[in-house]
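Take a look at the letters that make up each chain.
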Amino acid sequence: MSDFRAPLSTDDHVVIGNRLRACREALLLVLTSAVPGTDTHREADRCLIAMDRLRAELDCDLRGVAHYERDPRRLTGKVYYGHVRFVGSGEGPEEHWNDDFAAWVLDGE
């Protein structure tokens, strides 16, 4: 029996990136609010470090899925890093032919 699993899609990465960004913001709030040296501060710091390692791994994975020529707006680097959030664009499936991120725009654009 094979353990083959389909890779995460570009859309999956965007959703995960948005959620990790929100979680990271919450952890930063805990870290800056907790008294240094307490268990709460240490655990928040450990979680933040682990999350940043995970984001780096997911970013590498995304770069293998979203090819440069299918990212005309150069959004790949913003999925897991930076302060922007992605929201649905409302573009139809026909737009996905040339742009892996057609279903997404940066919040505020």
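Residues numbered from 1 in each chain as written. Predicted model: local features only at pLDDT ≥ 70, side-chain atom pairs only at ≥ 80, totals over all residues. Heavy atoms only, no water.

A. The side chain of Asp99, seen in detail. If you trace the backbone, Asp99 turns up in the loop between strand S1 (86–88) and strand S2 (104–106). Judged by relative accessible area, which is 10%, Asp99 ranks as buried. Of note is the side chain of Asp99, whose polar atom sits 3.1 Å from the side chain of Arg73. Contact partners of Asp99, with chain neighbours within four places excluded, come to Arg70, Pro72 and Arg73. (Helix = DSSP H or I, 4+ residues; strand = E, 2+ residues; numbered from the N terminus. Buried < 20%, exposed > 50% of the residue type's maximum accessible area, 1.4 Å probe, protein only. Polar contact = N/O pair within 3.5 Å; in protein donor to acceptor, adjacent residues only side chain to side chain. Contact = heavy atoms within 4.5 Å.)

B. Molecular detail of the packing of aromatic side chains. Per the stated rule, a full pass over the model turns up zero aromatic pairs. Over the ring of Tyr68 we find Arg74; its NZ or CZ atom is 3.7 Å from the centre of that ring. (Phe/Tyr/Trp six-rings, centres within 6.5 Å; stacked < 30°, edge-to-face > 60°. Lys NZ or Arg CZ within 6 Å of the ring centre and 35° of its normal.)

C. Seen up close, the pattern of salt bridges. Considering all chains together, one arrives at seven salt bridges under this definition. Note that Asp39 is salt-bridged to Arg42, the shortest N-O span being 2.4 Å. Residue Asp39 and its partner Arg42 are both found in helix H2 (residues 39–65); the two are separated by three residues, about one turn of the helix. The partner of Arg63 in a salt bridge is Asp59, with the nearest N and O atoms 2.9 Å apart. One end of the pair is Arg63 and the other is Asp59, both in helix H2 and four residues apart, which spans about a single turn. Look at the salt bridges and you will find they share partners, linking Arg24, Asp52 and Arg55 into a network. (Salt bridge = Lys/Arg side-chain N within 4 Å of Asp/Glu carboxyl O.)

D. The arrangement of helix H1 (residues 10–33) in detail. The end-to-end C-alpha distance of H1, which contains 24 residues, comes to 35 Å, matching closely the 34 Å that a straight helix rising 1.5 Å per residue would cover. Within H1, burial applies to Thr10, His13, Val14, Gly17, Asn18, Leu20, Arg21, Leu27 and Leu31. Each element contacted by the buried residues of H1 is listed here: H2, S1 and S2. (Expected span 1.5 Å × (residues − 1).)

Everything listed here is a matter of geometry and, on its own, says nothing about what the molecule does.
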